Amino acid sequence: MPKQISAARRSSIAGLLTAASLALALSGCASYDVTAPADARAEATSSDAKNARAGDAGSGDVDCSKAKCVALTFDAGPSENTNRLLDVLKENKAHATFFMLGKNHIAERPAEVKRIAAEGHELANHTWSHQILTDIKPDEAKREISRVQDEVHKITGKTPTLMRPPQGRTDEEVSKISKELGVAQVLWSVTAKDYQTTDSDLITKRVLDQTKRDGIILLHDIYKGTVPAVPGILKELKNRGYTVVTVSQLLSPAKPEPGMVYRP
């Protein structure tokens, strides 16, 4: 497995988070620029810090260079479970990043998209129809991303600055397209594999077993077992001294750099 070179803070790596994706990337000699949240913060300019203190979107009052932060993210919604999830987050005074799908989700549930934005969560892009971006033509990949950008802006007046490629599969071409469209790419360090189980206790255990400082947690609000697990996850993270933040809060005072891949 390729190593991230922390001294350089940025490196060109081949690979993804899961073994299967790693094998696919290596076989295709895929490479892309990647940086960790802590390194992004360390590289932030004084002007970035000033903007963050002034209250830029996503920065909030949390200083993750001092606080023990972890970013909470949800993929593939909104769904029929999203309003309950938003209730849980509100009850726990927690904010998350929502990597939303376009087809059958954003397009069918604009009210939930509006609520996500209104309650201070981060709107992010998970493509229009979950096509694997490395498997399709560049023009198709561009449409997959840009359609979500346009639809979210139409509904909320805000345009996402973050995108999560389906299955975490990206390469140089996807990074180039992301840069053109003004979105940074966000992978993850914690996955409950909640698409495999409806056991909320198991989902909770998997998240807590993997979570470390500056981690990015991947969950899906489309699966039945996930939302019921969230209260327990939030409670125990708090007990362990974590501050739950959005991805942009985790990176602050750095701003997400279009085209860059962020991964703990």
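Residues numbered from 1 in each chain as written. Predicted model: local features only at pLDDT ≥ 70, side-chain atom pairs only at ≥ 80, totals over all residues. Heavy atoms only, no water.

Participant: With reference to specific residues and values, describe the overall build of the chain.
Facilitator: Helix and strand content of the chain: 11 helices and 11 strands. Sequence-distant contacts in the chain: of pairs separated by 6 or more residues, those separated by 24 or more amount to 74%. In the structure as shown, the chain presents an accessible area of about 12,100 Å², 48% of it carried by carbon and sulfur atoms. (Helix = DSSP H or I, 4+ residues; strand = E, 2+ residues; numbered from the N terminus. Contact = heavy atoms within 4.5 Å. Areas by Shrake-Rupley, 256 points an atom, 1.4 Å probe, with all protein chains shown as cover.)

Participant: Give a detailed account of the packing of helix α4 (residues 82–91) against helix α10 (residues 226–239), specifying residues and quantitative values.
Facilitator: Direction vectors running N to C along α4 and α10 enclose 10 degrees, while the axes themselves pass 9 Å from each other. Between α4 and α10, the interaxial angle falls into the category roughly parallel. Across the interface between the two elements, R84, L85, V88 and L89 from α4 touch V227, V230, P231 and L234 from α10. Its residues placed into classes, the contact of α4 with α10 shows seven nonpolar, no polar and one charged. (Axes fitted to C-alpha atoms, helices over the stretch in contact; angles between N-to-C directions. Parallel < 35°, antiparallel > 145°, perpendicular 65-115°, else oblique. Nonpolar A, V, L, I, M, F, W, Y, C, P; charged D, E, K, R; others polar.)

Participant: So what's going on with the environment of K114? Which residues, and what values?
Facilitator: Along the chain, the position of K114 falls in helix α6 (residues 110–118). Taking the C-alpha atoms as reference points, K114 and V152, 38 residues apart in sequence, are found 8.9 Å from one another. Those residues in contact with K114 that sit more than four places away from it in its chain are I155 and T156.

Participant: Help me get a handle on the confidence of the model for the chain, residues and values and all.
Facilitator: Per-residue pLDDT for the chain averages 87, and the proportion of residues at 70 or more is 82%. The low-confidence segment residues 1–29 (pLDDT under 50) makes 58 contacts with residues lying over four places distant or belonging to another chain. Scored below 50 in pLDDT, residues 52–59 shows 10 contacts in the model against residues more than four places distant or in partner chains. (pLDDT = per-residue confidence, 0-100.)

Participant: Any details on the packing of aromatic side chains? Residues and values, ideally.
Facilitator: Aromatic rings in a pair are described by how distant their centres are and how their planes are angled relative to each other. One pass over the structure, following the stated rule, counts one aromatic pair. One Lys or Arg, K68, reaches over the ring of Y242 and ends 4.3 Å from the middle of that ring. Here the guanidinium or amino end of R164 rests over the ring plane of F99, the centre of that ring lying 4.2 Å away. (Phe/Tyr/Trp six-rings, centres within 6.5 Å; stacked < 30°, edge-to-face > 60°. Lys NZ or Arg CZ within 6 Å of the ring centre and 35° of its normal.)

Participant: Give me the lowdown on α10, citing residues and values where you can.
Facilitator: If you check α10, its first and last C-alpha atoms are 20 Å apart, about what 14 residues at 1.5 Å a residue would give, namely 20 Å. Burial in α10 covers these residues: T226, V227, A229, V230, I233, L234 and L237. Packed against the buried residues of α10 are β3 (69–75), α4, α9 (200–210), β9 (215–220) and β10 (243–245). Positive backbone phi, approximately 90 degrees, marks G241, located one or two places after α10. (Expected span 1.5 Å × (residues − 1). Buried < 20%, exposed > 50% of the residue type's maximum accessible area, 1.4 Å probe, protein only.)

Participant: Just give me the short version of the nonpolar core, but keep the residues and values in it.
Facilitator: Formed by 35 residues in total, the largest nonpolar core has its most connected members in L72, F98 and L219. For this core, the secondary-structure elements that each account for two or more residues are β3, α4, β4 (97–100), α6, α7 (138–156), α9, β9 and α10. Setting aside residues no more than four positions away along its own chain, L219 makes contact with L72, T73, F74, D75, A192, D194, I203, V207, T226 and I233. Membership of the second largest hydrophobic core comes to 24 residues, among which are C64, I216, L218 and V245. (Core = buried A, V, L, I, M, F, W, Y, C linked by side-chain atoms within 4.5 Å.)

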